[in-house]
Amino acid sequence: MTQLTDGFGRRFPYLRLSLTEACNFRCSYCLPDGYQADGRPTFLDVDEIVRLVRAFATLGMHKIRLTGGEPSLRKDLEQIIARVAGVPGIRKIAITTNGTLLPRRLPGWHRAGLTALNVSMDSLQRDRFHAITGHDRQPEILQGIALAQELGMESIKLNAVLLRGLNDNELPAWMAFLRDRPVSVRFIELMRTGDNAAYFERHHLRADVVVDQLLAAGWRLRPRAADAGPAREYTHPDHRGSIGVIAPYARDFCQGCNRLRVTARGDLRLCLFGEFGVPLRPLLQHEDDRDALLARITTQLGLKAAGHGLHQGQTGLTPNLASIGG
Ligand code: SAM
Ligand code: SF4
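Residues numbered from 1 in each chain as written. Chains lettered and ligands numbered in written order. Predicted model: local features only at pLDDT ≥ 70, side-chain atom pairs only at ≥ 80, totals over all residues. Heavy atoms only, no water.

A.B. asks: Residue-level account of the packing of aromatic side chains, with values.
C.D. replies: If you walk through the whole model with that rule in mind, you get four aromatic pairs. Taken together, a centroid distance of 6.2 Å and an interplanar angle of 75° make the contact between Phe25 and Phe129 edge-to-face. With Phe25 in the loop between β1 (14–20) and α1 (46–58) and Phe129 in helix α4 (residues 126–133), this pair connects stretches of sequence that are 104 residues apart. Assessed through its relative accessible area of 3%, Phe25 is described here as buried. Centroid distance Trp174 to Phe177: 5.5 Å. Interplanar angle 75°. Geometry classified as edge-to-face. With Trp174 and Phe177 both in helix α6 (residues 171–178), this residue pair falls three residues apart, about one helical turn. A relative accessible area of 9% means that Phe177 is categorised as buried. One aromatic cluster in this structure is built from Trp174, Phe177 and Phe187. Its guanidinium or amino end placed over the ring of Tyr14, Lys63 lies 4.5 Å from that ring's centre, counting from NZ or CZ. (Phe/Tyr/Trp six-rings, centres within 6.5 Å; stacked < 30°, edge-to-face > 60°. Helix = DSSP H or I, 4+ residues; strand = E, 2+ residues; numbered from the N terminus. Buried < 20%, exposed > 50% of the residue type's maximum accessible area, 1.4 Å probe, protein only. Lys NZ or Arg CZ within 6 Å of the ring centre and 35° of its normal.)

So this is what it looks like as structure tokens:
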């Protein structure tokens, strides 16, 4: 089968597809004032999504992550999952969600074909969680995670953004949390975006700090699979869960890049922090445009840069991660 490859030999088995820019949270590093609708065209509909996923699957893509904004705000999410699951070649469907709707909706998504769940939870402390996200909804999220375990979901991961002065003393609590739970926590180093420069200066914490603490506590780096993404995964014999560290400012971060993004309005984004988007939506309207769509995707991939310009403070087009699909 054809494999999507860029000019640096990186392969792309993995697409992150944003379903919406809207969100019901106000995370302080992402949408501190909440989502503001701007009256521009609506987000991709189910048929457009299926045409897009079919094209990527033809090119060897086998995993799709649904993200946003908050993807669970899409009323047709269950239908989207079922239709994407029916595309030949798609083996994994993951979602990244803030988790508020898990208790009500997860069984339906799971039945429709969802295989992996990432839930964002920046703090284990309810009051801090409330302060960071603007919403006191941690109990539902914990309930949702327990439900995912009961349903036997293939992969359950929690995302926590590292925030200096806000949640940087919780590593011992996370380790206790992981002792008996077979889930993975991903600590993500805060990324600077177009909108959060002052916040970044106050709260950015290098991921190395956490890595040093993990090593000191006896956690060890798991050997990386050849097709592993950018997270470095640590395990400990006394703990059922694992800890991943995502360090976008690390020197070799972009070498491991195995993902492409498509925004909720159908723009292909080659890098989270790239300078341009490639409109695919005009080619998602008819089955007849399939060859032109495949040609546009493969040609554009040849233009993917070796790495992002975050070290130089370049954030590309990205005002916040909700706008592109984090
Ligand atoms: N709303 C969903 C959620 O929060 O899980 C999905 C979209 S959100 C943009 C995806 C992930 O990006 C979340 O785990 C969030 O914490 C993370 N994120 C958002 N802004 C970020 C930033 N500036 N730096 C690092 N991670 C960020
Ligand atoms: Fe919403 Fe996710 Fe951004 Fe938080 S991180 S504001 S939940 S899109």
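Still more ground to cover, so stick around.
A.B. asks: I'd like a description of the site of ligand 1, backed by residues and values.
C.D. replies: In the region of ligand 1, 20 residues are neighbours, and Tyr29, Gly69, Ser120, Asn159 and Met191 sit closest. One of the backbone nitrogen or oxygen atoms of Thr97 is found 3.2 Å away from an oxygen atom of ligand 1. Between ligand 1 and the protein, one listed contact pairs an oxygen atom with a side-chain N or O atom of Asn159 at 3.1 Å. Contributions of two or more residues to the shell around ligand 1 are made by β2 (63–68), β3 (92–97), β5 (155–162) and β6 (184–189). Of the residues that constitute the shell around ligand 1, the class distribution is seven nonpolar, 11 polar and two charged. (Near = heavy atom within 4 Å. Polar contact = N/O pair within 3.5 Å; in protein donor to acceptor, adjacent residues only side chain to side chain. Nonpolar A, V, L, I, M, F, W, Y, C, P; charged D, E, K, R; others polar.)

A.B. asks: So what about the pairing of strand β4 (residues 116–120)? Which residues, and what values?
C.D. replies: For β4, the tally of buried residues reaches four of five residues, placing the bulk of the element in the interior. For the crossover from β3 across helix α3 (residues 102–112) to β4, the handedness is right-handed. Where β4 lies against β5, five bridges are found, and the strand directions are parallel. Following the sheet pairing, Ser120 is matched in β5 by Asn159. (Right-handed = clockwise from strand over helix to strand, strands pointing away. Pairing = 2+ DSSP bridges.)

A.B. asks: Just give me the short version of the layout of surface pockets, but keep the residues and values in it.
C.D. replies: Its boundaries defined by the atoms lining it, the second largest pocket holds a volume of some 490 Å³. Where the lining of the second largest pocket is concerned, the elements lending two or more residues are α7 (197–203) and β11 (267–269). Ranked by the residues each element gives to the lining of the second largest pocket, the list is headed by α7, at three residues. A per-class count over the lining of the second largest pocket returns 13 nonpolar, eight polar and eight charged. (1 Å grid on protein atoms, 1.4 Å probe; cavity = no way out; pocket = protein on both sides within 12 Å on 5 of 7 lines; lining within 4 Å. Points joined across faces, edges and corners; volume = space filled by probe spheres on them.)

A.B. asks: Tell me what's going on with the confidence of the model for the protein, and back it up with residues and numbers.
C.D. replies: Per-residue pLDDT for the protein has a mean of 90; in total, 89% of the residues score no lower than 70. Put simply, strand β10 (residues 259–262) is where the protein has its lowest mean pLDDT, 85, and helix α2 (residues 77–85) is where it has its highest, 98. (pLDDT = per-residue confidence, 0-100.)

A.B. asks: With reference to specific residues and values, describe α4.
C.D. replies: Of the positions making up α4, those classed as buried are Phe129, Ile132 and Thr133. One face of α4 carries all of its buried residues, which in axial projection span an arc of 80°. Turned more than 90 degrees off the buried face of α4, the exposed positions are Asp127 and Ala131. Just downstream of α4, Gly134 is the residue with a positive phi angle, here 80°. (Arc of directions from axis to C-beta.)

A.B. asks: Give a description of the packing of α2 against α3 that names residues and reports values.
C.D. replies: Across the interface, α2 lies against α3 with an axial gap of 8 Å and an inter-helix angle of 20°. Between α2 and α3, the interaxial angle falls into the category roughly parallel. The interaxial crossing formed by α2 with α3 has right-handed handedness. Contacts from Leu77, Glu78, Ile81, Ala82 and Ala85 in α2 reach Gly108, Trp109 and Ala112 in α3. Considering only residue class, the contact of α2 with α3 consists of six nonpolar, one polar and one charged. (Axes fitted to C-alpha atoms, helices over the stretch in contact; angles between N-to-C directions. Parallel < 35°, antiparallel > 145°, perpendicular 65-115°, else oblique. Left-handed = near helix turned anticlockwise from the far one by under 90°. Contact = heavy atoms within 4.5 Å.)

A.B. asks: Describe the side chain of Asn167, and please don't skip the residues or the numbers.
C.D. replies: Along the chain, Asn167 falls in the loop between β5 and α6. Taking relative accessible area as the criterion, Asn167 reaches 7% and is therefore assigned buried. In this structure the side chain of Asn167 is engaged in a polar contact, spanning 2.8 Å, whose partner is the backbone nitrogen of Leu163. When neighbours within four sequence positions are excluded, Asn167 is seen to be in contact with Asp122, Arg128, Val161 and Leu162.

A.B. asks: Help me get a handle on the packing of α1 against α2, residues and values and all.
C.D. replies: In the contact formed by α1 and α2, the axes pass within 10 Å of each other and the chain directions differ by 30°. It follows that α1 is roughly parallel to α2 by the angle criterion. At the point where α1 passes α2, the crossing takes the right-handed sense. Of the residues in α2, those touching α1 at Val46, Asp47, Ile49, Val50 and Val53 are Gln79, Ile80, Arg83 and Val84. Tallied by class, residues from the contact of α1 with α2 come to six nonpolar, one polar and two charged.

A.B. asks: Which residues make up the pattern of salt bridges, and what values do they have?
C.D. replies: Counted by the stated rule, this structure contains 13 salt bridges. The partner of Asp47 in a salt bridge is Arg83, and the shortest N-O contact between them spans 3.2 Å. Taken together, the positions of Asp47 in helix α1 and Arg83 in helix α2 put the pair 36 residues apart, joining distant regions of the chain. Overall, Asp47 belongs to the partly exposed group, its relative accessible area being 38%. (Salt bridge = Lys/Arg side-chain N within 4 Å of Asp/Glu carboxyl O.)

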